[in-house]
Amino acid sequence: MSKLNIINVPDPLLKTISTPVARVDSDIRQMLDDMLETMYAAPGIGLAAIQVAVAKRMIVIDTSAEEDEKSPLFLVNPEVVWESEEHSVYSEGCLSVPEYYADIERPASVRVKYLDYNNEMQETLVDGLTATCVQHEIDHLDGVVFIDYLSRLKRNMIVKKVQKAQKDSVVL
Ligand code: GNR
Ligand code: NI
């Protein structure tokens, strides 16, 4: 296992539309393991491959509480096949937009179809924070970051601050 480097806005890679995975083989499983390690170390509750500069449609999620047992989810080629009419609002953050949060409204629950760690097709209904996280990660696979839902003024301000923080953190 190895921890990977997470890229930040405004890296143009984050605007990439990721490519479907043909088959979950041992190379893909290795990548999923590395992504999970990277996500736990960050720490975060989700990670899309494009955040570690790999343009493949795969995400990892673990929204279990800190005190509970870990419960990782591996979703390859995830697709929302149903969404609830009911919406909910969460204060979202993103490992590629460190230290910024914004209220984002999304369907409260979604049914997702995906290939699992063993290359088996699965369908599952998620709600609560997991539903928000799954949609946030699928957005990444389509080149969308949560700040894209904010006004251009707000987004530009956030991107500038993230850029500055990144530059200041480089030790000369
Ligand atoms: O760690 C994360 N927390 C989070 C909180 C609310 C809504 C979405 C998320 S996902 C984020 C990790 C991340 O950037 N995934 O792409
Ligand atoms: Ni994110």
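In what follows, the structure referred to is the one given above.
First, a word on scope: everything that follows refers to the structure included in this document. Treat the numbers as computed from the prediction; the structure is a model and nothing was measured.

Conventions and cut-offs
- Residues numbered from 1 in each chain as written.
- Chains lettered and ligands numbered in written order.
- Predicted model: local features only at pLDDT ≥ 70, side-chain atom pairs only at ≥ 80, totals over all residues.
- Heavy atoms only, no water.
- Helix = DSSP H or I, 4+ residues; strand = E, 2+ residues; numbered from the N terminus.
- Polar contact = N/O pair within 3.5 Å; in protein donor to acceptor, adjacent residues only side chain to side chain.
- Contact = heavy atoms within 4.5 Å.
- Pairing = 2+ DSSP bridges.
- 1 Å grid on protein atoms, 1.4 Å probe; cavity = no way out; pocket = protein on both sides within 12 Å on 5 of 7 lines; lining within 4 Å.
- Points joined across faces, edges and corners; volume = space filled by probe spheres on them.
- Nonpolar A, V, L, I, M, F, W, Y, C, P; charged D, E, K, R; others polar.
- Near = heavy atom within 4 Å.
- Areas by Shrake-Rupley, 256 points an atom, 1.4 Å probe, with all protein chains shown as cover.
- Sits in = over half its atoms within 2 Å of the grid points.

A word on the side chain of Ser84
With respect to the helices, strands and loops of the structure, Ser84 is situated in the loop between β3 (73-83) and β4 (87-92). Within polar-contact distance, the side chain of Ser84 engages the backbone nitrogen of Ala108 at 3.2 Å. Apart from residues lying up to four places away in sequence, Ser84 is in contact with Pro107, Ala108 and Ser109.

Examining the pairing of strand β7 (residues 121-127)
Judged from the seven bridges that link them, strand β6 (residues 109-115) and β7 form a sheet pairing that is antiparallel. Each residue of the ladder has a partner; that of Tyr114, found in β7, is Gln122. From the end of β6 to the start of β7, which pair antiparallel, there are five residues, and Asn119 there has a positive phi angle of about 65°.

Observations concerning empty space enclosed by the protein
For the structure shown, the criterion picks out one cavity of 30 Å³ or more. Roughly 40 Å³ of internal volume is contained in the largest cavity. Lining the largest cavity are Leu73, Leu75, Val112, Tyr114, Thr124, Val126 and Val134. Among the residues making up the lining of the largest cavity, the classes are represented as six nonpolar, one polar and no charged.

Brief notes about the site of ligand 1
Taken together, the neighbourhood of ligand 1 is formed by 13 residues, with Ile45, Gln51, Leu95, Glu137 and His140 sitting nearest. Gly46 has a polar backbone atom sitting 3.2 Å from a nitrogen atom of ligand 1. In this structure, Gln51 approaches ligand 1 through a side-chain N or O atom, which is 2.7 Å from an oxygen atom. In isolation ligand 1 exposes 390 Å². Once the protein is present, 90% of that is buried. When each cavity is represented as a set of grid points, ligand 1 is found to reside in the largest pocket. Of all the secondary structure elements, the ones that give two or more residues to the shell around ligand 1 are β4 and α2 (128-141). Of all the elements, α2 adds the most residues to the shell around ligand 1, at four residues. When its residues are assigned to classes, the shell around ligand 1 shows three nonpolar, eight polar and two charged.

As for unusual backbone geometry
With an omega of 5°, the peptide bond between Val9 and Pro10 qualifies as cis. For Pro10, the location among the structural elements is in the segment before α1 (26-41). A cis geometry characterises the amide bond from Ala42 onward to Pro43, with omega recorded as -5°. One can find Pro43 in the loop between α1 and β1 (46-48). Phi at Glu99 takes a positive value of approximately 75°, unusual for a residue other than glycine. Position of Glu99 among the secondary structure elements: in the loop between β4 and β5 (102-107).

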